[in-house]
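# Working through the structure, step by step
Residues per chain are reported as follows:
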Amino acid sequence: MPDTLRIATVNVNGIRAAVRKGMLAWLDVAAPDVLALQEVRATDEQLRTALPGWHIVADEALAKGRAGVAIATRAPVLSVRARLEADELDSAGRWIEAEVPLGTDRLTVVSAYVPTGEADTPKQDHKWAFLDAMAQRMSQLNAVGALALIMGDLNVGHRELDIRNWRGNRKKAGFLPRERAYFDRFFAPAGSPVECVDGTTGTGLGWVDVGRRFHGDVDGPYTWWAMRGRAFDNDTGWRIDYHVATPALAERVRDYRIDRAESWDTRWSDHAPVVVDYAVGA
């Protein structure tokens, strides 16, 4: 039995386009056991054609050609649960859970694609509702000793370290104080009061930002760069793609990396994959 389970997440910006541009070559080298995908923008049939040989569970968006999340695994999943249960919230194509084996244990993995939002518009209202439902589900998943992992494009830079040009984005979706306050609560110790960046006081949910714990207080490392200008070449990026783990799972992290492309013209998505190895045994 392997000592670790390699789990990767990436926003593919359209699975068919990503495959045309070289995603399969990356998959061969990276060799993940579990792969969370966001912004798939494809039907189930198109997704399975793009990724032959994988076991795939997916949730399409209601609007054709938009969003879409999936989990691809080398071994069959044990169970699947799609969407967030919240009144009047369309989470189709943005949240899917699967249970996978982690040695003799069972691990819940989530592929999540939080709405981008737009400050002071109905799009941002949808983002608030999604984050509320996400926080509720996170509370349910983080039982004592639970092994659970939420991955994906969460479309929020939590701290100033997570965005190169944070000063210019303080009033824009993705770095609004209220958005960042959700993440203050996500990552504070479970049940403890936390003073949030927006001036509110909340209660910690006890999850772990694996990337920040692994790298410490450094700029980035970033996972998304705008296609325009020279953002990628200048590393003017955002860290918005996460592995968010329960404490018991976070203790099993053995390696963490961001597979940043060698050059702008070799990118197959505007996001870079985030790849983490988790120990199979405690």
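Structure: see above.
In short, a report on the structure. (Residues numbered from 1 in each chain as written. Predicted model: local features only at pLDDT ≥ 70, side-chain atom pairs only at ≥ 80, totals over all residues. Heavy atoms only, no water.)

### Focus: a positive patch on the surface
Rules: A residue counts toward a patch only above 30% relative accessible area and without a salt bridge, and it is joined to like-charged neighbours within 9 Å or, for Val, Leu, Ile, Met, Phe, Trp and Tyr, to nonpolar neighbours within 5 Å. Using a 1.4 Å probe, accessible areas were evaluated by the Shrake-Rupley method; residue-level cover was limited to the displayed protein chains. Take a side-chain nitrogen of Lys or Arg and a carboxyl oxygen of Asp or Glu: if they are within 4 Å of each other, that pair is a salt bridge. His is not counted, nor are the chain ends; Lys and Arg add positive charge and Asp and Glu add negative charge. For this purpose, a charge sits on NZ of Lys, CZ of Arg, CG of Asp or CD of Glu. Strands here are runs of E lasting at least two residues and helices are runs of H or I lasting at least four, both read from the DSSP assignment and numbered beginning at the N terminus. Note on exposure labels: buried denotes an accessible area under 20% of the residue type's maximum, exposed denotes more than 50%, and partly exposed covers the range between, all computed with a 1.4 Å probe on protein chains only.
On the surface, R16, R20, K21 and K64 cluster together to form a positively charged patch. Mapped onto the fold, K64 is located in the loop between strand 3 (55-59) and strand 4 (69-73). A residue is classified by how much of its surface remains accessible, and K64, at 81% relative accessible area, is exposed.

### Comments concerning the nonpolar core
How we decide: We call a set of buried Ala, Val, Leu, Ile, Met, Phe, Trp, Tyr and Cys residues a nonpolar core when their side-chain atoms join them within 4.5 Å. Contacts were defined at the residue level, with two residues in contact if any of their heavy atoms lie within 4.5 Å.
Of all hydrophobic cores here, the largest spans 37 residues; its most connected members are I7, L107, V109, L149, L249 and Y278. Take this core: its biggest share by element is four residues, from strand 6 (residues 95-102). Once residues lying within four places of it in the same chain are set aside, the contact partners of L149 are I7, L107, T108, V109, V110, W207, H243, V244, A245, L249 and Y278. By size, the runner-up hydrophobic cluster in this structure holds 27 residues, among which are A112, W128, A133 and F187.

### Describing the sheet that holds strand 1 (residues 4-11)
Across a sheet, strands are paired by hydrogen bonds formed along the backbone, either parallel or antiparallel in direction. Our working rule: DSSP-based pairing: two strands are paired if at least 2 bridges between them are found. With axes taken as lines fitted to C-alpha atoms, and helix axes fitted only over the stretch in contact, angles between N-to-C directions fall between 0 and 180 degrees.
Pairing within the open sheet is mixed, and its six strands lie in the order 3-4-2-1-14-13. Each edge of the open sheet carries a strand with a single partner, namely strand 3 and strand 13 (253-258). Averaged over neighbouring strand pairs, the angle between their axes works out to 15° when direction is ignored. Relative to strand 4, strand 2 (residues 34-38) runs antiparallel, the two sharing five bridges. Following the sheet pairing, Q38 is matched in strand 4 by V69. Its contacts with the sheet place helix 2 (residues 23-30) against strand 1, strand 2, strand 13 and strand 14 (274-279), and it is angled at close to 150° to strand 2.

### Concerning the sheet that holds strand 6
Taken in spatial order, the six strands make up an open sheet running 5-6-7-8-12-11, and their pairing is mixed. Looking at which strands have only one partner, the edges of the open sheet turn out to be strand 5 (79-82) and strand 11 (208-209). Sheet topology places strand 8 (residues 148-153) next to strand 12 (residues 241-245); five bridges connect them, and they run antiparallel. Bridge pairing in strand 12 places G152 opposite Y242. In this fold helix 4 (residues 122-141) packs onto strand 5, strand 6, strand 7 (105-113), strand 8 and strand 12, with an angle of close to 25° to the strand it touches most, strand 6.

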